[in-house]
Each structure stands twice: as C-alpha cells, then as structure tokens.
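Per-entry structural report
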Amino acid sequence: MASPCPKSPEQSEKNKQYDRQLRLWGDHGQAALENGHICLINATALGTEILKSIVLPGVGAVTIVDDNIVSDEDIGSNFFLESSSKNLNRGSESLRLILELNPAVQGYAVQEATDQILQENPDFFKNFSVVIASSLGEKTIQSLSHHLWEINVPLIFCRSVGFLGSFRIQIKEHPIIESHPDNEQYDLRLDVPFHTLFDYLNSFDIDELDLKDHGHIPWIVILYKAVQKWQISNSNSWPMSRKEKNEIKEIIQQFKRVDDNGMPIYEENFEEALRAVNTSLTPTFLPVKIQELIYNSSAINLTKESSPFWIMCSALRAFVEAEGKGKLPVRGVLPDMTASTDHYVTLQNIYRNQAALDAELVYRKVQEIVAQLHCDNITETEVKLFCRHAHDLHLIKGSCITSEYQFSNTVSSYIARYLEEPDVMMVHYILLRAAEMFRSEHCRAPGEWEPESDIAKLKTCVSKLLTDISCSPFPKDDHIHEMCRYGGAEIHSVSAFLGGCVAHEAIKIVTKQYKPVNNTFIYDGASTNTATFTF
Amino acid sequence: MAAAAVDAQMPEQQRRWHNIRKVLERSGPFCHPDFEPSSEILDFLMDSCKILVVGAGGLGCELLKDLALMGFKKIHIVDMDTIELSNLNRQFLFRKSDIGLSKAKCAVEFVNKRVPGCEAVAHHCAIQDLDEGFYRQFHIIVCGLDSIVARRWLNGMLMTLLQYNDDRSLDQSSVIPLVDGGTEGFKGNARVILPGMSACIECTLDLYPPQKTFPLCTIANTPRLPEHCIEYVKVIQWPKENPWGNATPLDGDDPQHVAWVFEKAQERATKHGITSVTYRLTQGVLKNIIPAVASTNAAIAATCATEVFKLASSCCTNMNNYMVLNMADGVYTYTFSAEKKPDCVACSNTTRILEVEADAVLMDIYEKLKEDQAYLMKNPGITTVINGRNKTLYMPSIKSIEERTRDNLKKKITELGLYNGAEILVADVTTPNTIAIKLKFSDNVDVEMSR
Ligand SMILES: [Zn+2]
C-alpha cells in the first residue's frame, strides 16, 4: 500500500529546534527574543553560564565587554575557555566558544574596560535590550547603573563568591501583559451575564431534561440555576458567605436525579458544579491592581512618547467607564467541563464572541488615541492579547542601584528591618557588599591570600555598612569568617545555578512574558537557601 | 606583589583548581562537623571518587560539565538515546552535525576534550542493561531522567545494593547516595536520597503529578477540546484505518504520521465546531511532550552538582532533602524534609502486607498493585510458591504466558492456592527486584458491615 501523503505543513527546521521552549513563550515570544541584543560585561564563569542559556534559545545577538586576559583560574572554573585560551583576551575567547552553541546568534567582543566606555562612548550601551554585569568594582557599578537608569536600558548586576551569590535587576518600568499566572481565575460573569449568556442560561429547564441530557448540562448552567432558585427566597442578593454557599450546594443536591430506591444518581457535571460553588461564585469585579494601572498618571496623561502599554491602559479605562459598566472586557476562556460537545461549544462561542466584541471596542478607542497623538499604530492582535490578559496585567516599577550605595532612607530602614529579625539572607547581602568594599580598599578579595588575617579588615567594612544604616554590629563573626574562607573564589556550580536564573530573568525581560524577580535575589548554596528582596 | 610571585610558581594544575581548593583546604564556621580541610580532598575527588550520571539529556549535559569543573574526573554517564534536533535548544554539548549519534558518547567526547584530565566514560545503553556489579562501583549516583519508571527502577537498584547487619540494622558502608533532579518547563526539583536512611523515590510517589488522561467515553462521544480530537484519532481512528498498512504502529517522531493525525483531528474538530487543533499541539499530545528550556535545566543540574560536591567532600551539610524551584513568577525555592515511609515497598526492609478480602479474585490483587499509592505498578507479574514449587499466577509482559494465565484473573485467590498469610512475588518495570508481599485476609464481618 502506498503511503498516504497528507498535504499538512511540516514544521520548519527552526520550529523543530526550538519546539520545547516555543511551548512556553510562543512564536511571538521567540520573535521578541530573536530581536534582543544582550550585553555581557566580564566573561567570568558566571557571565558565560548566563550567556549560554540565552544563546541556546536563540537570542538575536550578544556583545561581550571584557579587557581581562585569561588566567589558569579562569580556565578552571569557566567552561567556555580552553587551555589554549591562556593569556588571550577573555571576552573574545569565550565568545568564540559560546557562539558554537547556536550559529543563528550574532556575537561581538569589545576589548575595553567598562569605565573607559562609560567615559568615552556612553552611547555604546543605548541599543541593548539588557546589560548584564558581573565582577564590577563599587565605583564602576555605580556609574554604570546611573548611566543605564538615565538612558532606560535594563541592567542585571550579579555576584558569585564562594557558596554565595546574588543578582539585582534594575529596570525603570516593566509592564507585563502575559504574566502566565499558575492559577488563572475564571471570568464567567454569572452575577452579571451579558445578554447572549443570559439568554442561553435561561433556555434550560433542568427538571424537564431527560436523564442523558441532564448529565450533559455544563456546570455553569447548574450553578446559575441554583443561584436563581436561591435568590427567590433571598431578595435577589448574591450568595457570599459560607452558609449561603452551603445553601447553594443543597439546591444543587436537590437538582440531582434519583434512582428507583430514591438514591441520587452519580452525574459528573453535578459533582463539578458542587466543587465550583466555592471557587466560581466570586462576583465580577475590577481588581484593585488593574484599577491602579488604568488610573496611573502614565495612562491618564498620554503623550506622543507614551508606550503602547499605557495607550492600551488608557483605552481600557475608557471601556471600563463606558460600555464595561465598571468591569473589564470578557476574557473569553471557558474551562473544560463535563458537557455534550454541542453545549460546550455553544457556551464557549458565547464567551468568545463577547470577548471579541469587547476587544473590538477597546481597539477602536486605541485607534482614536493613536490618531489624536499621531503616534505609531498598535495592531488589533496586540489589543486582543492585551484584553485577553486584562485581568492579569502586571507592572514592575524599579529603583536605581545607586540608591543602595547611597543608603537612601528607604533602603536603610528596609535593610534594618530584615537585619533585626534577624534574616540570615540579608546578612549575606551585607557580606557581599562588605566584600565589594574590601576589594575597592585593598585591591583584592577578603581572604584571597590568607583568611585569618583579613577577618578584622572585613569586619571594619561590615561595621561601616551597618553604621551607615544605623544598625548594631553582628553579634558573631561567623559570616565574616566564612566570607574570608571563600577568598573571592568562584565555585562553578554556584555560578551555574545563578547563571541559569539570570539568563531566565533576562529572557523574561526581553520577551515581556512572566514576572521577573523584583528586584534582588540572594542565593546561599551551602544551606540551599534563596530569598528575594525589593530595594 | 609577594602573593603573585608565589602564584606564578605554583604548577599550572594547582592554579587551575585554585577556586575550589579554597573551600576544600580552609575550614569555616559552617562546615560539616566531620570536615577536615586538606589538599587530600581534591586528590580524592580527582583520583578516586567515582560518579555515575544517569541521563545525558538536558540535565545530564549540564551535570557532566558542572562535575568536571568541580574537580571530578572519574565520571561515567549512561543514556540509551540518540541526539535529535529538538534537543539542541538546551543540550549544549551537541551540534547539528551530531544528530543521530549517541548522547552519552558525544557528551563525554566533548567534555573530555574541553576539560583536560577529565576521564569521563560513556555507556550507550539502557540503565536496565547494567547489573549490580556495575552500579556498586560508584561513590555517588546523580540522576537527570525524564522518566518516572526509570527513576523508580534505579531507586530499586540502589536498594538491592544495601546490606543489613545480623540485627537487621543497615550496614552504612553499603549506602550509595542518589542525587536526583527533574524539570518541567519553568519548574524543577532536586533532592538528596540516602537509600535506606532517608525518603526514597517510592516513599514520595505522590509528589509526581498524575499523568493527564482523557476518558475514552469523552473522546469518543463528547469531545470538547482539541486534545480530545487528537486522542480520538490516535486511539480509535489510527488502528481502524491502518493508514500505512501492516498494522504499522503510530510513530510520534515520523512527521508523515503526525501530519496524518493532524489532518484527521482537524476534520473531526471542524465537524464538532472545535477550534485550535494545531500541528504543534498534535505533536505534543502524541509524544506527551514536556516543555523544556536551558535555564531551568542549568539551575537544577547546578543544584545537584553542588550537593554531589558536598557529599564527596563533606565541606558543608547537604540539603535536607528536597528542593522545589519555580521560575515562572520571580525565582522561588523551597526546601523541605520529605519523610521516609516506614512501610515503603522499596526502602523499608520489612515484610510488605497486602490486605485483601478472602473471596477476592486475582484481578483484585492485580488492580490493587496498579492503583494503590504504595505500589503504583505498571504491569505487575505475580507468582507464588506452592509446596516448594514456583507457580506463575499472572504474567502480563510475556505474550504467551499472558494468554496461558489470563483466566486466573477471574479465579478466586483461594482456588489458586493462596491463603491468609501466603506470600506472592511481584515483578514490575518499576523495580529491578522481585517484591515479596504477604497477603492478609480482611475480616469478613467488617466487610459485610461496611457494605
Ligand atoms: Zn522508600
């Protein structure tokens, strides 16, 4: 028998290569990644581990800035250097070996010091999607973060010392439309059914159906009918309390058919309805988080420079205030439920059509704004995506890293609060900072030569930091001692863990999907502990 | 600078390992109580410590690199798979020109070349092809598999290697620690298992999410989702229409097959008004594809490598004992102590007891072994010893014996010679061992009353 040869599309080579990740961020996420250009400052083991997990999924381009010469220690901890790399430029060597991972990625190496670039050619940084830096001195990180904050380029600053590590994301403003929440809330509108939904729900008479159909009614209908029945004796209010919800459950029990012995017949859809009572009777409301967004001054005072996100927020506000009657556009997603194909598809289309109508209204408002402001067009696809995720929009407002070095009042009291608890992860943060201060004062890492003799010197650095934030000294020297034991060593597996995390966060920033860490992450590999702080 | 001068005199090899030597040759306030800093520890890691990496995929590639750069040289890696294009977005030791070659061999070749002195050895075979003698040679086993069945088998193998003293206490020198990692999309976990001492894979089977399945009646009669349409074509239409003739089985890796299913599923979806059947979804359902990305694999493998380093060097205490990682919303980890089950099938060294009704049929036992949370077996073969002779009661995995013993399933267990206190011997793909289980007849009176 000859092979049947369907005309169906075969996947492209690229789709096959990236298949496993396209299932996480979609073709549009991939396109955004392929337009991204990442700058890495210093090709340390941590730096190259980060680049590895950004180059493999296919970022557009990478640039490494590094004026260091490869040492034996570098080769010992960095997989993207080889024996023959010794005494050559570290950035160029690691770039060569990293680009082997994915021929689709463009790569550039710049053999200059960061300070020099900041002084002579600060515009150099302006076109990067994200700048990632490791092993920078106190002074350089301050001038770099200040500059990148000014020109609005995201920065991730990372450290890896012994079993400790950290990264800090500096980003002025980062809106996320597709935040991919683990548990997406349903948007069913049972309390305020739009008219097509209203007509559909009221077209059922549960008691009239034959047993087969009875087992095929979607639980949404069952729940709605139970509430209707309940409302007759409850002056049309909405069931909110646990007691009221239990009453709804009783009504659903009464809906069940019984067998010849008077025992209720098991029907999956009725069981689903009973389970849904606790989760799906929440009244439709405008989430506070979204209300804050659409009434944010950036969404109210639009200019020609306003980003598409704020324009869409503004249009969304207009919709909520007018046609939406205080509610967001219908999401248009129906969870799977026991039902006949016909019932399910009909109900699904009712929600989908309403979602399309609502999104259309928002799109028209977007077009009006765009016309008024004479700014770039926003596509209907973008607006649809925005409306589909309107319930889960998320905005990160960042802070500049320099505020940590100047110990602004907010930063000081924030740190002090954690140190008083005491939170050992905040202690690690202080030690990473103290080690950095030690390096700028003594031109080497604490304990680089010999651990014991540096303990007192590092303690002085810790005291300075603690005085600056008006905190009492640490009762014990154990963490100071441990930092001196590390002697500035970079442990490969610690860098590899952080490398995976930082690459991941950079991809989130470039694809504008999933929520990145806001804004500081601390890792202790010795105790397998992590923490997130927001400076 | 004096120190720089000393540095320059150090042999190149010593300078290369300068970073990890600091944590191995210096003592610290948080070290494991048994830790004695010395240069001999690095010698042990490099010259004696034998590590087995199970799996040369997303986690395995990372593990091999991590371990080689943490000083380990005697690393073995086992994987039966060959390289595919869809591996290349994360399995960074492979290139397009390697497609079709052995993962284990390619990975080893690459790392041995990149890290001078590394003596990794590849085994291109299934883990089940290697025997007790093979597994016994390792100090630590680290596992990065995507299959739960294979993990359970390996776990069972390490239990086989345990030796017990005359007083039934565990001989600790027979314990080979297992470090296990797993990822799915932006989530993962890493754990440390001391076989016979801490919670093992079987103790915590309930931590694995149940496999998503669709009831046959839904896919046949009331399809609602695009997945239902694809399942229908796979389960019902393919065997019925036999499109390639000769009862050719459906191969999710054959693009022609996938395209055929895709087209038929689309037809079925259109007929029922269902939308969104795509080629990608079809492939995902057919092959049960788990999304995977380089970054999550890197983080989980690194966590495992750090734990291997701690086990081998005692430089810090190990995690206790299970870490979950979620990178979907920020980066979040949580470490907890998974509990050892006192009556675990695999690690408890006690007699297993299965409670059955006296009038049960063999099918009841068979179903219990498959569905009971304590066993969750795939296709258990059941034998027993009657009057000193082995008797096969049911053996599903071998076709001829299955046919011969099938009728036993309907028979009462008492008719088959089993009695209260009788022992059955069970074999399954989830374990390399035959498991002895004692039957306990539940009280008939109780049974009557509960009905
Ligand atoms: Zn166990």
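Conventions we followed
Residues numbered from 1 in each chain as written. Chains lettered and ligands numbered in written order. Predicted model: local features only at pLDDT ≥ 70, side-chain atom pairs only at ≥ 80, totals over all residues. Heavy atoms only, no water. Donors = N, O, S within 2.8 Å, 3.2 Å for Na, K, Ca; no water. Tetrahedral: all angles 85-135°; square planar, octahedral: opposite > 155°, others 65-115°. Buried < 20%, exposed > 50% of the residue type's maximum accessible area, 1.4 Å probe, protein only. Helix = DSSP H or I, 4+ residues; strand = E, 2+ residues; numbered from the N terminus. Arc of directions from axis to C-beta. Contact = heavy atoms within 4.5 Å. UniProt positions renumbered as here; feature names shortened; annotations may be inferred. Pairing = 2+ DSSP bridges. Axes fitted to C-alpha atoms, helices over the stretch in contact; angles between N-to-C directions. Phe/Tyr/Trp six-rings, centres within 6.5 Å; stacked < 30°, edge-to-face > 60°. Lys NZ or Arg CZ within 6 Å of the ring centre and 35° of its normal. Core = buried A, V, L, I, M, F, W, Y, C linked by side-chain atoms within 4.5 Å. Domains from an automatic or database assignment. Expected span 1.5 Å × (residues − 1). Bend = angle between axes of the 7 residues up to and from the residue. Polar contact = N/O pair within 3.5 Å; in protein donor to acceptor, adjacent residues only side chain to side chain. Salt bridge = Lys/Arg side-chain N within 4 Å of Asp/Glu carboxyl O. Parallel < 35°, antiparallel > 145°, perpendicular 65-115°, else oblique. Left-handed = near helix turned anticlockwise from the far one by under 90°. Nonpolar A, V, L, I, M, F, W, Y, C, P; charged D, E, K, R; others polar.

The subject of this paragraph is the coordination of the zinc ion. All names here are of chain B. Protein coordination at the zinc ion: the donors are Cys200 (SG), Cys203 (SG), Cys344 (SG) and Cys347 (SG), at 2.2 to 2.3 Å from the metal. Taken together, the four donor atoms coordinating the zinc ion span angles of 102 to 118 degrees at the metal, a pattern that classifies the geometry as tetrahedral. One chain supplies every donor to the zinc ion, and in sequence these donors are spaced C-x2-C-x140-C-x2-C. Each member of the pair Cys344 and Cys347 is classed as buried.

Here the focus is helix H14 (residues 362-371) of chain B. Residues and elements named next belong to chain B. Every buried residue of H14 is accounted for by Leu362, Ile365, Tyr366 and Leu369. Burial along H14 is one-sided: seen end-on, the buried residues are contained in an arc of 100 degrees. Those residues of H14 hidden inside the fold are in contact with strand S11 (352-357), strand S12 (381-386), strand S13 (389-394), strand S14 (423-428) and strand S15 (431-442).

The sites that UniProt annotates as "domain: E2 binding" (unreviewed entry) are residues 354-442 of chain B. Across residues 354-442 of chain B, helical content stands at 19% and strand content at 38%; the span's end C-alpha atoms are separated by 10 Å.

Turning our attention to the UniProt feature "domain: THIF-type NAD/FAD binding fold" (unreviewed entry) in chain A. Within this structure's numbering, the places UniProt gives as "domain: THIF-type NAD/FAD binding fold" (unreviewed entry) are residues 18-531 of chain A. Annotation note: span residues 18-531 of chain A, helix share 52%, strand share 10%, distance between end C-alpha atoms 31 Å.

Here the focus is the sheet that holds S13 of chain B. All names here are of chain B. Sheet architecture is open: five strands sit in the order S11-S15-S14-S12-S13, paired in mixed fashion. Each of the sheet's edge strands pairs with one partner strand only, and the pair in question is S11 and S13. If you compare each strand with its neighbour and ignore which way they point, the axes differ by 35 degrees on average. The strands that H14 touches are S11, S12, S13, S14 and S15; relative to S11, the one it contacts most, it runs at about 135 degrees.

Turning next to the packing of aromatic side chains. By the definition in use, this model includes 30 aromatic pairs over all chains. Note on Phe194 of chain A and Tyr351 of chain A: the rings are 5.8 Å apart at their centroids and 80 degrees apart in plane angle, and the pair reads as edge-to-face. Of this pair, Phe194 of chain A sits in the loop between strand S7 (173-176) and helix H8 (195-202) while Tyr351 of chain A sits in helix H16 (residues 341-373), and the two are 157 residues apart along the sequence. Taken as a pair, Phe194 of chain A and Tyr351 of chain A share a single burial class, namely buried. Grouped by ring-pair contacts, the aromatic residues Tyr414, Tyr418, Tyr429, Phe533 and Phe535 of chain A constitute a single cluster. Positioned above the aromatic ring of Phe79 of chain A, the side-chain terminus of Arg114 of chain B is 5.3 Å from the ring centre. Seen from the ring of Tyr232 of chain B, Arg268 of chain B lies directly overhead, with NZ or CZ sitting 3.5 Å from the centre.

Let us now look at the nonpolar core. One finds Ile132 and Phe167 of chain A together with Phe72 of chain B to be the most contacted residues of the largest nonpolar core, which totals 148 residues. Counting residues domain by domain, this core receives three or more from each of domain 1 (13-178 + 491-533) and domain 4 (401-486) of chain A. Once residues within four sequence positions are removed from consideration, Ile132 of chain A is found in contact with Ile38, Cys39, Leu40, Ile41, Ile50, Ile54, Ile156, Cys158, Val502 and Ala506 of chain A. Core analysis: the next-biggest nonpolar cluster, separate from the first, contains 40 residues, Tyr200, Ile206, Tyr224 and Ile248 of chain A among them.

Looking now at the UniProt feature "active site" (unreviewed entry) in chain B. The UniProt entry lists Cys217 of chain B under the feature "active site" (unreviewed entry), expressed in the numbering used here. Its location among the elements puts Cys217 of chain B in helix H9 (residues 216-221).

Residues and elements named next belong to chain A. The terminal C-alpha atoms of helix H21 (residues 451-468) lie 26 Å apart, and with 18 residues this matches the ideal 26 Å at 1.5 Å per residue to within 8%. The sharpest bend along H21 reaches about 25 degrees and sits at Lys457. If you check which residues of H21 are buried, you get Pro451, Asp454, Ile455, Leu458, Cys461, Val462, Leu465 and Leu466. Buried positions along H21 lie against helix H19 (409-420), helix H20 (424-442) and helix H22 (478-486). Backbone nitrogen of Glu452 and a side-chain oxygen of the N-cap are separated by 3.5 Å at the start of H21; the cap is Glu450. Taken from the residues just after H21, Ser470 is the one with a positive phi, measuring 55 degrees.

Further remarks concern the side chain of Thr431 of chain B. Residues and elements named next belong to chain B. In this fold, Thr431 is placed in strand S15. Among the polar contacts made by the side chain of Thr431, one reaches the main-chain amide nitrogen of Asn433 at a distance of 3.0 Å. If we ignore the near neighbours within four places in the chain, the residues touching Thr431 are Trp153 and Gly156.

Next up on the list: the domain arrangement of chain A. Taken domain by domain, chain A holds domain 1 (13-178 + 491-533), domain 2 (195-280), domain 3 (288-397) and domain 4 (401-486). Look at where the C-alpha atoms of domain 1 of chain A and domain 2 of chain A centre, and you get two points 54 Å apart.

Scanning all chains against the criterion turns up 50 salt bridges over all chains. A salt bridge links Glu62 of chain B to Lys52 of chain A; the shortest N-O distance between them is 2.8 Å. Placement of the pair is Glu62 of chain B in helix H5 (residues 58-69) and Lys52 of chain A in helix H3 (residues 45-55), with the two residues belonging to separate chains. Asp253 of chain B is paired through a salt bridge with Lys287 of chain B; the nearest N and O atoms lie 2.6 Å apart. Separated by 34 residues along the polypeptide, Asp253 of chain B in the loop between helix H10 (226-241) and helix H11 (255-272) and Lys287 of chain B in helix H12 (residues 279-287) bring together distant segments of the chain. Accessibility expressed as a relative area gives 27% for Lys287 of chain B, which makes it partly exposed.

This paragraph deals with the packing of H21 of chain A against H22 of chain A. The relative placement of two packed helices is expressed as an angle between their axes plus a distance between the axes. All names here are of chain A. Where H21 contacts H22, the two axes come as close as 9 Å, and the packing angle between them is 125 degrees. Considering their axes alone, H21 and H22 lie oblique with respect to each other. When the axes of H21 and H22 are compared, the crossing they make is right-handed. Where H21 approaches H22, its residues Pro451, Glu452, Asp454, Ile455, Leu458, Lys459 and Val462 are matched on the opposing element by Ile480, His481, Met483, Cys484 and Arg485. When its residues are assigned to classes, the contact of H21 with H22 shows seven nonpolar, one polar and four charged.

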